[in-house]
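Fold and geometry: a report
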Amino acid sequence: MRRLLPALIAVLLPLTAAAQTPYAGPLFDAHLHYNDEACMFPGACPYPIAEVLAMMQRSGVRAIIANSRPNVGTRSLAAARDETRKAGITVVPFVRLYRNRADYSGWFADESIHTMVQDELAAGTAAGPYRGLGEFHLYDSANADGPVAAKLMKLAQARGLVVLAHVDDAAIDKLMAHAPQARLIWAHTGIGGAPIERVRALMQRYPQLVGELSYRPGLTTGGGGLSAEWKALMTTFPDRFVVGSDTWINGRWSGYEALMSDARRWLGDLPPEVARRIGWGNGARLFGLADPD
Ligand SMILES: [Zn+2]
């Protein structure tokens with residue numbers, strides 16, 4: 001037994017050393033919704049602005065891409081200037097393409113959506129001009145060639161707006177064909193689980209493509225650490241990934257702090273400078289935000 005002990009220690013030590021401390025720097029939440037279910041009006045507002053800002057603050061979130069169905073939620077977050085300043089949170093507003101749930105399935109061919117987007121862009125928000133379009137969904141990649149989808153990609157490219165798109169890998173090719181210079185954040189980096197080699201090929205082909213990592217299958221291992229293949233991909237493209245909460249239903253708000261601490265857990269498996277870029281720097285750079293104090 002005594003002779004076995006050193007061997008046992010030699011086996012166990014690397015396992016202990018592999019448990020990294022979580023990332024402790026600032027976070028940029030690049031996929032946040034403040035939909036009407038979260039707060040419709042006083043009396044139907046389970047998640048008031050003060051509460052969502054407090055959750056972000058407790059999670060070390062210092063900037064958010066805010067978008068909502070309908071856009072009034074984003075406008076109200078953007079208008080809460082005193083509260084967001086006090087919480088140390090920068091609101092980066094995006095125009096969502098949805099007035100209601102029915103718009104999810106037909107926006108790409110609906111001229112009234114194009115008009116609504118132009119009206120929103122013209123009006124802007126109390127936190128400044130809109131900086132992007134989305135999140136939008138394409139459940140069938142063929143609809144990436146819909147007339148309004150093509151027009152909005154070109155509009156984003158012409159105005160320097162960032163696009164947040166929940167689509168499959170085939171739709172990435174189609175969307176980028178409409179606007180090769182557009183900056184596109186791929187929500188979930190393929191929620192259907194596009195093979196990692198396909199993700200790598202798309203990252204290589206489109207230097208403006210950024211992957212957001214909520215709900216991404218295969219990202220983490222059972223223990224919540226980063227999988228080896230994703231660690232390798234992020235180390236190859238340290239400037240091309242961001243984190244997000246995707247608060248698309250109120251259940252995501254109730255778990256907001258846990259979601260952010262899960263992200264900190266796997267970010268901790270990366271070299272510190274890569275973790276900081278993915279946790280904060282890449283999102284900040286997209287919109288020209290200064291580092292927080
Ligand atoms: Zn979403």
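A few words on the sheet that holds strand 8 (residues 241-242). Here eight strands make up an open sheet; going across it, the order is 1-2-3-4-5-6-7-8 and the pairing parallel. Every interior strand has two partners, whereas the edge strands, strand 1 (27-33) and strand 8, have only one. Where strand 6 (residues 183-186) and strand 7 (residues 209-212) come together, three bridges link them in parallel fashion. Across the sheet, residue Ile 185 finds its bridge partner in strand 7, namely Val 210. Contacts from helix 6 (residues 147-159) reach strand 4 (132-137), strand 5 (162-166) and strand 6, with the element oriented near 150° to strand 4. Most of the contacts of helix 12 (residues 272-287) go to strand 1, to which it runs at about 70°, and overall it touches strand 1, strand 2 (61-67), strand 3 (90-95), strand 5, strand 6 and strand 8.

Within the first shell, the zinc ion binds the protein through His 31 (NE2), His 33 (NE2), Glu 135 (OE) and Asp 246 (OD), at distances of 2.0 to 2.4 Å. Taken together, the four donor atoms surrounding the zinc ion define angles of 87 to 171° at the centre, an arrangement classified as irregular. Donor residues binding the zinc ion come from one chain and are separated in sequence as H-x1-H-x101-E-x110-D. Of the two residues, His 33 is situated in strand 1 and Glu 135 in strand 4; the sequence distance between them amounts to 102 residues. Of the two residues, His 33 and Glu 135, neither departs from the other in class, the shared state being buried.

A few words on the environment of Thr 235. With respect to the element layout, Thr 235 can be found in helix 9 (residues 228-236). By relative accessible area, which is 41% here, Thr 235 ends up partly exposed. Taking the C-alpha atoms as reference points, Thr 235 and Gly 268, 33 residues apart in sequence, are found 13 Å from one another.

Of all seven residues that make up strand 1, seven are buried, and the element is covered over most of its length. Here strand 1 runs beside strand 2; their pairing, made up of five bridges, is parallel. Each residue of the ladder has a partner; that of Phe 28, found in strand 2, is Ala 63.

Bringing the packing of aromatic side chains into the picture now. Applying the stated rule across the entire model yields ten aromatic pairs. Ring centres of Trp 107 and Phe 136 lie 4.6 Å apart, and the angle between their planes is 40°; on these two criteria the pair is classed as tilted. Taken as a pair, Trp 107 in the loop between strand 3 and helix 5 (111-123) and Phe 136 in strand 4 lie far apart in primary sequence, 29 residues in all. Neither Trp 107 nor Phe 136 differs from the other in exposure class; each is buried.

Put simply, Arg 69 and Pro 70 share a cis peptide bond, and its omega is -10°. With respect to the helices and strands, the residue Pro 70 is situated in the loop between strand 2 and helix 3 (72-79). Residues Gly 134 and Glu 135 are joined by a peptide bond in cis, for which omega reads 0°. Of note, His 188 is a non-glycine position whose phi angle comes to about 70°, a positive value.

Further remarks concern a nonpolar patch on the surface. Together, Ile 191, Tyr 215, Trp 248 and Ile 249 make up a nonpolar patch on the protein surface, roughly 340 Å² of accessible area in all. With respect to the helices and strands, the residue Ile 249 is situated in the loop between strand 8 and helix 10 (250-254). The exposure class assigned to Ile 249 is partly exposed, which follows from its relative accessible area of 35%.

Turning to the side chain of Ser 59, a few remarks are in order. Relative to the helices and strands, Ser 59 is located in the loop between helix 2 (49-58) and strand 2. Of the polar contacts made by the side chain of Ser 59, one reaches the backbone oxygen of Met 55; its length is 2.8 Å.

So, about the side chain of Thr 74. Turning to its location among the elements, Thr 74 is positioned in helix 3. You can call Thr 74 buried: its relative accessible area is 0%.

Now for the environment of Ser 59. Classification of Ser 59 as buried rests on a relative accessible area of 7%. Separated by 119 residues in sequence, Ser 59 and His 178 have C-alpha atoms that sit 37 Å apart. The contacts of Ser 59, once residues within four sequence positions are left out, are Leu 27, Tyr 256, Glu 257, Met 260 and Arg 264.

Analysis parameters
- Residues numbered from 1 in each chain as written.
- Predicted model: local features only at pLDDT ≥ 70, side-chain atom pairs only at ≥ 80, totals over all residues.
- Heavy atoms only, no water.
- Pairing = 2+ DSSP bridges.
- Helix = DSSP H or I, 4+ residues; strand = E, 2+ residues; numbered from the N terminus.
- Contact = heavy atoms within 4.5 Å.
- Axes fitted to C-alpha atoms, helices over the stretch in contact; angles between N-to-C directions.
- Donors = N, O, S within 2.8 Å, 3.2 Å for Na, K, Ca; no water.
- Tetrahedral: all angles 85-135°; square planar, octahedral: opposite > 155°, others 65-115°.
- Buried < 20%, exposed > 50% of the residue type's maximum accessible area, 1.4 Å probe, protein only.
- Phe/Tyr/Trp six-rings, centres within 6.5 Å; stacked < 30°, edge-to-face > 60°.
- Patch = residues over 30% accessible without salt bridge, like charges linked within 9 Å, V, L, I, M, F, W, Y side chains within 5 Å.
- Areas by Shrake-Rupley, 256 points an atom, 1.4 Å probe, with all protein chains shown as cover.
- Salt bridge = Lys/Arg side-chain N within 4 Å of Asp/Glu carboxyl O.
- Polar contact = N/O pair within 3.5 Å; in protein donor to acceptor, adjacent residues only side chain to side chain.

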